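Chain and residue survey
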Amino acid sequence: MKAVANDIDKLAKMAGMLKAIAHPTRVAILNLLKDQQWMNVTEIHNALNIEQAVASQQLAVLKSKG
């Protein structure tokens, strides 16, 4: 039964990651990072033409979900 609980925990974590990705701004950020591999918040907000606070908040969501 413990193996089932571990599987459920893993599935819940994966679902959380997918929910974090399922936002247009976060998809755009991930798309930038796939090509650049590293960018700071200022570079991201300039590249996407979004407020720096928005870029920071969206990065925090992505980071919190792994």
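Anything mentioned here points back to the structure above.
Residues numbered from 1 in each chain as written. Predicted model: local features only at pLDDT ≥ 70, side-chain atom pairs only at ≥ 80, totals over all residues. Heavy atoms only, no water.

**Regarding the side chain of histidine 45**
We apply this condition: In this description a helix means any DSSP run of H or I spanning at least four residues, a strand means any run of E spanning at least two, and both kinds are numbered starting from the N terminus. For the purposes of these results, a polar contact is taken to be a pair of N or O atoms within 3.5 Å, where, inside protein, one atom must be able to donate a hydrogen and its partner to accept one; residues adjacent in sequence count only when each atom of the pair is a side-chain atom. Two residues form a contact once any of their heavy atoms are found within 4.5 Å.
By secondary structure assignment, the location of histidine 45 is in helix 3 (residues 41-48). There is a polar contact of 2.9 Å between the side chain of histidine 45 and the backbone oxygen of isoleucine 50. Residues in contact with histidine 45, not counting those within four places in the same chain, are Ile50, Glu51, Gln52 and Ala55.

**Quick word on the nonpolar core**
Here is the rule: Think of a nonpolar core as a cluster: buried Ala, Val, Leu, Ile, Met, Phe, Trp, Tyr and Cys residues, connected wherever their side-chain atoms sit within 4.5 Å. To sort residues, take the accessible area from a 1.4 Å probe on protein chains only and compare it with the maximum for the residue type: under 20% means buried, over 50% means exposed, and anything in between is partly exposed.
Of all hydrophobic cores here, the largest spans 7 residues; its members are Ala20, Ile29, Leu32, Met39, Ile44, Ala55 and Leu62. Breaking this core down by element, the ones donating at least two residues are helix 2 (24-36) and helix 4 (52-64). Contacts of alanine 20, omitting those with residues within four sequence positions, involve Arg26, Val61, Leu62 and Lys65.

**A closer look at the pattern of salt bridges**
Two side chains that carry opposite charge are able to pair once their charged atoms sit near each other. The line we're drawing: When a carboxyl oxygen of Asp or Glu lies within 4 Å of a side-chain nitrogen of Lys or Arg, that pair is called a salt bridge.
Evaluated as defined, the whole model comprises 1 salt bridge. Lysine 34 serves as the salt-bridge partner of aspartate 35, at 3.2 Å between the closest nitrogen and oxygen. Across the pair, lysine 34 and aspartate 35 agree in class, each one exposed.

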